[in-house]
Amino acid sequence: MRNSVLAFLAGLVFLASCKPSPAAIDISTFGKKSEYTGSISCKSCHETAYAEWTSSDHYLAMQPASDSTVLGDFRDVSFTSDGVTSRFYKEQGKFIIYTEGEDGQYHAYEVLYTFGYFPLQQYLIAFPGGRMQASRVSWNSRDKRWFHQYAGQKVDHRDWLHWTGNSQNWNTMCATCHSTDLRKNYDPDTDTYSTTWKEINVSCESCHGPGSRHIAYVNSPGYQQGQRIAAAALSYGRDTVALHQLNACAACHTRKSDIAADRMMSGELLDDMIPQVISNEYYFPDGQIRDEDYEYGSFTQSKMFNHNVRCSNCHNPHTGKTKLAGNDLCLSCHQPKYNAVDHHHHQMGTEGALCVNCHMTTRTYMGADIRRDHSFRVPRPDQSVAYDTPNACTQCHTTRSDAWAAAAVVKWYGSERKYHFSDDLLPGSLLNEESEEHLVRLLTDTLQPFIARATAAYYLGNVLTRTSGEALLKVLQDSKAIVRYYALRSLESFPPEIWQQHAYASLEDSVRAVRIAAGSLYHTVPAEAMSAAIRASYVSADKEHLAFLEYQTDFAVGNVMMADYRLRGGALEEAIQYYERGLRKDSLMNYVRLHLAVAYSSLGKTTQALQTLKEAASIDPFNSEVFFNMALLEVEMNEQVLAKQHFEKAIQLGSDQPALYYNFGLLLLQQEDYARAEKILLRGYGLAPEEEDINYALAYYYLQKKQPEKALPFGRSLRALHPDFPEYQEMFRILGL
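What counts as what
- Residues numbered from 1 in each chain as written.
- Predicted model: local features only at pLDDT ≥ 70, side-chain atom pairs only at ≥ 80, totals over all residues.
- Heavy atoms only, no water.
- Phe/Tyr/Trp six-rings, centres within 6.5 Å; stacked < 30°, edge-to-face > 60°.
- Buried < 20%, exposed > 50% of the residue type's maximum accessible area, 1.4 Å probe, protein only.
- Lys NZ or Arg CZ within 6 Å of the ring centre and 35° of its normal.
- Core = buried A, V, L, I, M, F, W, Y, C linked by side-chain atoms within 4.5 Å.
- Contact = heavy atoms within 4.5 Å.
- Salt bridge = Lys/Arg side-chain N within 4 Å of Asp/Glu carboxyl O.
- Helix = DSSP H or I, 4+ residues; strand = E, 2+ residues; numbered from the N terminus.
- Pairing = 2+ DSSP bridges.
- Axes fitted to C-alpha atoms, helices over the stretch in contact; angles between N-to-C directions.
- Polar contact = N/O pair within 3.5 Å; in protein donor to acceptor, adjacent residues only side chain to side chain.

**A closer look at the packing of aromatic side chains**
Right, so step 1: With the rule as written, the count across this model stands at 34 aromatic pairs.
Right, so step 2: Measuring from centroid to centroid gives 4.9 Å for Y186 and Y193, while their planes differ by 45°, and the two rings are tilted.
Right, so step 3: Taking relative accessible area as the criterion, Y193 reaches 6% and is therefore assigned buried.
Right, so step 4: Following the ring pairs from residue to residue traces out a cluster consisting of F74, F88, F95, Y123, W139 and W146.
Right, so step 5: Sitting over the ring of Y223, R228 keeps its end group 4.1 Å from the ring centre.
Right, so step 6: The lysine or arginine in question, K705, covers the ring of Y674, its NZ or CZ lying 5.1 Å from the ring centre.

Structure follows, in structure tokens:
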């Protein structure tokens, strides 16, 4: 009997192999470009998914304000926080918020749209120029109360963070992830928006892409005959590649910069956006979430991601909810031994026994939104002891110390910890004399998460040695676009002779963000220093780079990026325009005044430059860099008394810039204050023993004082740095080098 069954099955296999395969469908027959058709067009075939979606936070991401969508209490109630009292009421069926406006006065504002649903809901209010602003006082949907997202922080109406400012502007900061096919349509010349969307909320086509080709495909005779095409003519279908699904979610679930209004949807995330790496600017130095970082940067650190776990393994993609509750979700993949006291050392049924409380710690954002870290990391209180990073143990046991937690881990699991990339990232992030070894090792270890390796590349931009430069050049051929991108960005800090003849292939990289970074890198290279072929590649990459910068100019910092680009290219008047636009959007962005002063000074407008620096000093009187720049400008203006005062002020404020000590030393030498000059230059040397200018100044000073024995060590440093530099040869001869 068994043999006859096998023979029968073999016959089926034979028949199947003889059956002709369906012809491949030519997707171009369904239109040159897929168009948006609206979520209602999906309902007839995908009823269950459609019904689940209509109950999701995605569906409720943005809605017109109505009695059915507004959750907040508008029954003529008031709420006071940090010196501002807001009143919420209805008038002729409209929802009104009476609160402080952009002029510091109180006004009545009509709510046009709800923004978000749970655990908090904000309200959108229209302003001139097509702007919509998100209310700063929000409704806590969980606790049913009004609250201020930044409690304890009095925000001046002129501040970028004020609810009427650029920080809370819907068009710029929020809109693309709350609506479908949103186009900002920003006009930088008039500083206005004509923002549009295909659907008001996060619809089916936000994730799967425009659907007209898909509909034509499933209605075609070929489909009925069994012919199939990859992804069913969608940007993202039922794809077996975990990374493709992650990239569909990452469009909104990552801290990033969008590259352009039109998404390429190529399958490579960096064709459409530039994710933020896990640097200590936004994350804790070991990669744990700190600022509002979303999930991509965390999840791509994890072993889960490395083993092809995808978002939909844990979350229903249409409701957004987790598929199972508590530890049952983790046990759908992990062995039962992990759900035992022997593993977690907490009493069963308690909060401490929940997998997520040890491996997915939480932080609260926007005052009410509790989010979990998706890096699924093993707690490392030993790192907390050494580097003051948080850990899950003492986040629960708040009265205990990190040392106590570290001792408990040793008692339970032994003294050895498995290597984690943070073992190199943490010391690397310190940017001291030991950082380079750790960063280079992490950068070149392809077994480590690409987001961590890209972060190492980012940090190496602050470690300006030949070894670091060579390591960055090597990864320009890396398989991960994000590593190549951040390596190119870091190379901008290195002298052109390090990279100019080695990085030009990146101008024709297959990924748009990498080409943009290469275009930025080569922006200051003179045309005559490039071959015709490289020049042509640069022109193309520069065009993409410029388009990217133009797309960012509705951000305050985007104007600064464009201004820096113009400044580096020598277009000083245009640079000034963009710096001033940036300051109009955020008047407290003080570092911009330093750049603006440079642009003014380069045009010979020293009076405007000095006035700009005085404004910067009045805003931040403890910024040493402001006073250093002021002193440099006053030297140029031959105001030596003032220059000396401001050099001294910068030192008093704790500046550790070698250039400060070099320039101040030169001024003191010029004033024949030799004793003070020597002390200042030696102090600068102590901060940066390899700094060329300080070594030269000290060697020259001691030779002038006829003290060659004191000049000798500085001459040796110069010879090690530049043995063939013509201007140093006479000094080398005198010193017997």
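There's more to say after this.
**What to know about the nonpolar core**
Right, so step 1: Counting 122 residues, the largest nonpolar core has L443, I482, W499 and Y522 as the members making the most contacts within it.
Right, so step 2: Contact partners of Y522, with chain neighbours within four places excluded, come to W499, Q500, A503, Y504, L507, M530 and Y538.
Right, so step 3: Judged by nonpolar contacts, the second largest core, of 15 residues, contains V70, V111, Y123 and V137.

**Some remarks on the pattern of salt bridges**
Right, so step 1: Taken as a whole and judged by the stated rule, the model has 35 salt bridges.
Right, so step 2: Among the ionic pairs, R158 bridges to D156, the shortest N-O distance being 2.7 Å.
Right, so step 3: In this structure D156 comes out as partly exposed when scored by relative accessible area, which is 31%.
Right, so step 4: K644 is the salt-bridge partner of D673, the closest N and O atoms lying 3.9 Å from each other. Here K644 lies in helix α31 (residues 640–652) and D673 lies in the loop between α32 (658–670) and α33 (674–687), a separation of 29 residues in the sequence.
Right, so step 5: Several salt bridges share partner residues, and in doing so they unite D181, R183, K198 and D262 into one network.

**A look at unusual backbone geometry**
Right, so step 1: F118 connects to P119 through a cis peptide bond whose omega is 10°.
Right, so step 2: Along the chain, the position of P119 falls in the loop between β6 (113–115) and β7 (120–126).
Right, so step 3: Within the chain, D76 stands out as a residue other than glycine whose phi angle is a positive 55°.
Right, so step 4: Tracing the backbone shows D76 in the loop between β1 (62–64) and β2 (77–81).
Right, so step 5: Accessibility expressed as a relative area gives 47% for D76, which makes it partly exposed.

**Points about the pairing of β7**
Right, so step 1: In terms of burial, β7 is a largely internal element, six of the seven residues being buried.
Right, so step 2: As paired strands, β6 and β7 are joined by three bridges and run antiparallel to one another. Note that in β7 the partner of F115 across the bridge is Q122.
Right, so step 3: For β7 and strand β9 (residues 137–140), the ladder comprises two bridges, and the chain directions are antiparallel. When the sheet's bridge partners are listed, Q121 is paired in β9 with W139.
Right, so step 4: Pairing of β7 with strand β8 (residues 132–134), which is carried by three bridges, proceeds in the antiparallel orientation. Residue pairing across strands places A126 opposite M132, the latter belonging to β8.
Right, so step 5: If you look at the hairpin formed by β7 and β8, you'll find five residues sitting between the two strands, and G129 has a positive phi there, around 80°.

**Notes on the environment of M132**
Right, so step 1: Structurally, the position occupied by M132 is in strand β8.
Right, so step 2: Taking relative accessible area as the criterion, M132 reaches 9% and is therefore assigned buried.
Right, so step 3: In this structure the C-alpha to C-alpha distance between M132 and G461, which are 329 residues apart in sequence, comes to 38 Å.
Right, so step 4: Setting aside residues up to four positions removed in sequence, M132 forms contacts with M62, L112, Y113, L124, I125, A126, Q168, N169, W170 and N171.

**Quick notes on the sheet that holds strand β3 (residues 84–91)**
Right, so step 1: Strand order in the open sheet made by the four strands is β2-β3-β4-β5, with antiparallel pairing throughout. In the strand order of this sheet, the two ends are held by β2 and β5 (106–110), each with one partner. Averaged over all adjacent pairs, the angle separating strand axes in this sheet is 20°, with direction ignored.
Right, so step 2: Bridge count between β2 and β3: five bridges; the pairing is antiparallel.

**A few points about the side chain of H523**
Right, so step 1: On the secondary structure map, H523 appears in the loop between α24 (512–521) and α25 (532–551).
Right, so step 2: Residue H523 is classed as buried on the basis of its relative accessible area of 13%.
Right, so step 3: Of note is the side chain of H523, whose polar atom sits 3.0 Å from the side chain of Y538.
Right, so step 4: Only 2.9 Å separates the side chain of H523 from the backbone oxygen of Y565, close enough to count as a polar contact.

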